[in-house]
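Structural description and commentary
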Amino acid sequence: MRGKHRIIIQNNRLHYEFEIKRNITIIQGDSATGKTTLINMLRQVENLGDSSGIDVISDVPCRILEGRNWKILLENMSGNIIFIDEDNEFINTEEFAEAVRGSDNYFVLITRENLYNLPYSVEEIYGLRSSGKYQNTKRVYQQMYQIYSNIQDVPVKPARIITEDSNAGYEFFEAAGREKGILCESAGGKSNIFNLIRNVKDEEVCVVADGAAIGPEMNRLYKQAEKAKNITLYLPESFEWIILKSGLIEGKDLQKILEEPEKYIDSGEFFSWERYFTKLLVNMTEETYLKYRKAHLNKAYLHDKNKRQILKSIEGIVL
């Protein structure tokens, strides 16, 4: 499945309205914010149909997944937006992550836990709140809001850069930083970033990580960055996305893809948007001097003109 889907779930008292555009969306938040009520309304629709008094307006079916037979049920679902409540412990398992991988469905996971087996985007972690619209009516309008919408206090001039991994992205920032006397080090994976930044002293540090898959780490990274004001989180979709966005690569429909990726990224083929942008860049540069490989940076990207063009497109760091 691909595309952006607008969903309305409502009865005479409550109105939920939101858009889903990636294969994994997370709804977090405290008790009494309407998360469980949303699941209950969808359950009533499945069990009672029109007699439930609940309207579900969506261009694709909205289903709930729960119980011990979840895996069998999921195997027979395709092209749905599937809602799962945190009471279902299977959402924390590697078995569930494997089932999501390659599934032709979108998943809305209602949980306060960090799901480390799943690569979800920082942009798709939401809370629920009353919108404030139509205050004089009896119906309460609930909407989703991005929990980490204002995390990137950028641009920043760091004394030190920490990258998520040790591949091409690290090699680029290490080379560019070295010219300016800026130390760049690799965390060796997103799960290691926290251990590095919690020991930061007074220097200005910028963390560069793939926003498309950093979601499970965001709770503790955000709290640490809030606590230590000299830590900045710069979370583009991925390093490959930065290159594609820079204008260095020319390609048919590239601008359209960057503006609305959800129209082009099939959830059944790509576990995260980061993987899509990597494949897109590899394919677009295959027969050129800019041939891209994630494991090791092509030195052509460090040629002065190319490097400056990429750096110019990076909104988060001033080098």
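The preceding data block contains the structure.
The notes below deal with the structure included here.

Rules used throughout
- Counting from 1, residues in each chain are numbered in the order their sequence is written.
- In keeping with the predicted nature of the model, local features appear solely for residues at pLDDT of at least 70, side-chain atom pairs appear and are counted solely at 80 or more, and the whole-chain, interface and lining totals rest on all residues.
- The side-chain numbers reported here are obtained from all heavy atoms of the structure, hydrogens and water having been left aside.
- Helix numbering and strand numbering both begin at the N terminus, where a helix is a DSSP run of H or I of at least 4 residues and a strand a DSSP run of E of at least 2.
- For this measure, only C-alpha atoms enter the radius of gyration; the expected value for a globule follows 2.2 Å times N^0.38, where N is the number of residues.
- Burial status follows relative accessibility: with a 1.4 Å probe on protein chains alone, a residue under 20% of its type maximum counts as buried, one over 50% as exposed, and anything between as partly exposed.
- Should any heavy atoms of two residues lie within 4.5 Å, those residues are considered in contact.
- Where accessible areas are quoted, they stem from the Shrake-Rupley method and a 1.4 Å probe; at the residue level, only the protein chains shown are allowed to cover.
- Residues counted as positive are Lys and Arg, residues counted as negative are Asp and Glu, and His and the chain ends are not counted.
- The location of each charge is read from NZ of Lys, CZ of Arg, CG of Asp or CD of Glu.
- Criterion used throughout: strands pair if DSSP finds at least two bridges between them.
- Under this scheme, a helix contributes an axis fitted over its contacting stretch, all axes are lines through C-alpha atoms, and angles between N-to-C directions fall in the 0 to 180 degree range.
- The definition of a polar contact used here is a pair of N or O atoms within 3.5 Å, where within protein one atom must be able to donate a hydrogen and the other to accept one, and adjacent residues in sequence count solely through side-chain atom pairs.
- Each aromatic pair joins two rings of Phe, Tyr and Trp (for Trp, the six-membered one) with centres within 6.5 Å, and gets the label stacked for planes under 30 degrees apart, edge-to-face for over 60, and tilted for any other angle.
- The span one expects for a helix is its residue count, reduced by one, times 1.5 Å.
- Here, the term disulfide refers to a pair of cysteine sulfur atoms separated by no more than 2.5 Å.
- Any carboxyl oxygen of Asp or Glu within 4 Å of a side-chain nitrogen of Lys or Arg constitutes a salt bridge here.

Re the overall build of the protein chain
Counting its regular elements, the protein chain contains 10 helices and 13 strands. At 21 Å, the protein chain has a C-alpha radius of gyration in line with the 20 Å of a compact globule built from 319 residues. When the backbone C-alpha atoms are referred to their principal axes, the protein chain occupies close to 70 × 45 × 40 Å. In the protein chain, buried positions account for 51% of the 319 residues. Summarising the internal contacts of the protein chain: among those between residues at least 6 apart in sequence, 67% fall at separations of at least 24. Within the structure as shown, the protein chain displays about 15600 Å² of accessible surface, and the carbon and sulfur contribution to it stands at 44%. Looking at the protein chain, you have 42 positive and 47 negative side-chain charges, and the mean spots of the two groups are 3 Å apart.

Things to note about the sheet that holds strand E13 (residues 231-234)
Taking strand neighbours across the sheet as the criterion, the four strands line up as E11-E10-E12-E13 in an open arrangement whose pairing is parallel. Edge strands, defined here as strands with exactly one partner in the open sheet, are strand E11 (183-186) and E13. Pairwise comparison of adjacent strand axes, ignoring direction, gives a mean angle of 20 degrees for this sheet. Bridging between strand E12 (residues 205-208) and E13 involves four bridges; their strand directions are parallel. Among the inter-strand pairings, valine 205 is bridged to a residue of E13, identified as isoleucine 231. The sheet contacts of helix H4 (residues 168-179) involve strand E10 (160-163), E11 and E12, and relative to E11 the element is tilted by about 165 degrees.

Considerations on the environment of phenylalanine 172
Looking at the element boundaries, phenylalanine 172 is found in helix H4. C-alpha of phenylalanine 172 to C-alpha of histidine 303: the two residues are 131 residues apart in sequence and 11 Å apart in space. What phenylalanine 172 contacts, discounting residues up to four positions off in sequence, is Phe239, Leu297, Tyr301, Leu302, Lys307, Ile310, Leu311 and Ile314.

Thoughts on the side chain of histidine 15
Structurally, histidine 15 is set in strand E2 (residues 14-20). At a separation of 2.8 Å, a polar atom in the side chain of histidine 15 contacts the side chain of glutamate 17. Look past the residues within four positions of histidine 15 in its chain and what remains in contact with it is Ile8, Ile9, Gln10, Arg139, Val140, Tyr141 and Gln142.

Considering the environment of tryptophan 241
Residue placement: tryptophan 241 occurs in helix H7 (residues 239-245). When near neighbours in sequence (up to four residues on either side) are disregarded, tryptophan 241 contacts Pro236, Leu258 and Phe277.

Some remarks on the packing of aromatic side chains
All chains considered together, the criterion is met by 12 aromatic pairs. With a centroid separation of 5.2 Å and 90 degrees between ring planes, the pair formed by phenylalanine 270 and tyrosine 276 is classed as edge-to-face. Ring pairs connect the aromatic residues Trp70, Phe90, Phe96 and Phe107, which therefore count as one cluster.

Some points on H4
Over its 12 residues, H4 extends 17 Å from the first C-alpha to the last, a length consistent with the 16 Å expected when each residue adds 1.5 Å. Among the residues of H4, Ala168, Gly169, Glu171, Phe172, Phe173, Ala175, Ala176 and Gly177 are the ones counted as buried. Residues of H4 that are buried sit in contact with E10, E11, E12, H7 and helix H10 (304-313). Immediately beyond the C-terminal end of H4, within one or two residues, lies glycine 181, with a positive phi of roughly 75 degrees.

Quick look at the pairing of strand E8 (residues 125-130)
Here two bridges tie strand E3 (residues 24-27) to E8, and the two strands are oriented parallel to one another. Across the sheet, the residue bridging to isoleucine 27 is tyrosine 126, located in E8. Pairing between E8 and strand E9 (residues 140-146): five bridges, direction antiparallel. Each bridged residue has a counterpart across the sheet, and for glycine 127 the counterpart in E9 is tyrosine 145.

Comments concerning the state of the cysteines
Within the structure shown, the criterion is met by zero disulfides. Counting only cysteine sulfurs, cysteine 206 is the nearest neighbor of cysteine 184, a cysteine outside any disulfide, at a range of 9.9 Å. Given a relative accessible area of 7%, cysteine 184 falls into the buried group.

Remarks on the pattern of salt bridges
Applying the stated criterion across every chain, the model contains 23 salt bridges. A salt bridge links arginine 2 to aspartate 266, with the shortest nitrogen-to-oxygen separation between them at 3.4 Å. Residue arginine 2 is located in the segment before strand E1 (5-10), and its partner aspartate 266 is located in the loop between helix H8 (254-259) and helix H9 (273-285); the two are separated by 264 residues in the primary sequence. With a closest N to O distance of 3.2 Å, glutamate 98 and arginine 101 form a salt bridge. Several salt bridges converge on common partners, so that one network encompasses Arg22, Glu123, Glu124 and Glu237.

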